[in-house]
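Structural characterization, general
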Amino acid sequence: MTPDELKSVGLRYDVEGSVATITLDRPEVRNAQTPAMWRALAGLGEEIADDVQVVVVRGEGPSFSSGLDRAMLDPRGGEEGEETLTSLLSMSDDQMSATIDEYQRGFTFLRDPRFVSIAAVQGYAIGAGFQLALACDLRILAEDAQLSMKEATLGLVPDLTGTKPLVDSVGYARALEICATARMIGATEAVDLGLALMSVRVEELDDTVADLVGALAAPMAGAVHETKALLLAAAGRTLEDQRRFEREAQIRRFRELARAMGG
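Residues numbered from 1 in each chain as written. Predicted model: local features only at pLDDT ≥ 70, side-chain atom pairs only at ≥ 80, totals over all residues. Heavy atoms only, no water.

What follows covers unusual backbone geometry. At Arg 30, a position not held by glycine, the phi torsion is positive, near 55°. With respect to the secondary-structure elements, Arg 30 resides in the loop between strand E2 (19-24) and helix H2 (35-47). Overall, Arg 30 belongs to the partly exposed group, its relative accessible area being 45%. Notably, Ala 182 is not glycine yet its phi reads approximately 55°, a positive angle. By the element assignment, Ala 182 lies in the loop between helix H6 (172-181) and strand E8 (185-186). The buried category is assigned to Ala 182, whose relative accessible area is 4%. (Helix = DSSP H or I, 4+ residues; strand = E, 2+ residues; numbered from the N terminus. Buried < 20%, exposed > 50% of the residue type's maximum accessible area, 1.4 Å probe, protein only.)

Quick look at the structure:
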């Protein structure tokens, strides 16, 4: 996608060496999200080059993302040609499911084993914003971060792939409480619950993320890719299956290292 196309939906995409940065760039509405943004994110996911080792997701201004742009729920519809969530009501169940699947792809690409994804969260990460952060492998929070799964207050469920990583992080009971009450979770509690690696002062967020990026980009990319793939699938496998996948991954690593050394 071109920079102008991304700008039109409130996104920026920058690549420096092996590090790509996706910035939600609608600070005037606290980086509220739209269906067009989700489709663009999915497109970006398909375009990320193989030599990218780390993807950082951040928000421009004082908030990561305040969630869904409420204008998308206006029953009067948006501007001409603008996709809104109310348009889903005119679809059949199959059409609605297929459309939501397309939206979800703007989140699932961040779990691709080719790279490690990091959410740098400052201020609000609400609803779709929380789910975007949860889609990343790792989360670093500024001390002013406020997380909340607000969908229940709209009579909806979280449907942008956030439920599984939430349960994986905090367990079923706490995940249910977080979703059903739609309460705010501060940075300190988020770290205590296992939702984030750490909380730092607002002015330290960029440097902390940069340090983590440097550490992640230092090992051989293939080793990181294989390790991420192993860990992503570990919870759903038996120990015997996981042992086999470890062996197979290690064989691939040995073969690649041998090729690199001319063996």
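Structure shown, so let's carry the discussion forward.
According to the stated counting rule, one finds 20 salt bridges in the structure shown. Salt-bridge contacts for Glu 60 lead to Arg 12; the nearest nitrogen and oxygen are separated by 3.2 Å. Residue Glu 60 is located in the loop between strand E3 (54-59) and helix H3 (93-108), and its partner Arg 12 is located in strand E1 (residues 11-16); the two are separated by 48 residues in the primary sequence. Here Glu 60 falls in the partly exposed class, since its relative accessible area comes to 27%. On the basis of relative accessible area, Arg 12 is assigned to the partly exposed category, the value being 29%. The partner of Asp 69 in a salt bridge is Arg 26, with the nearest N and O atoms 3.1 Å apart. (Salt bridge = Lys/Arg side-chain N within 4 Å of Asp/Glu carboxyl O.)

None of this, on its own, says anything about what the molecule does.
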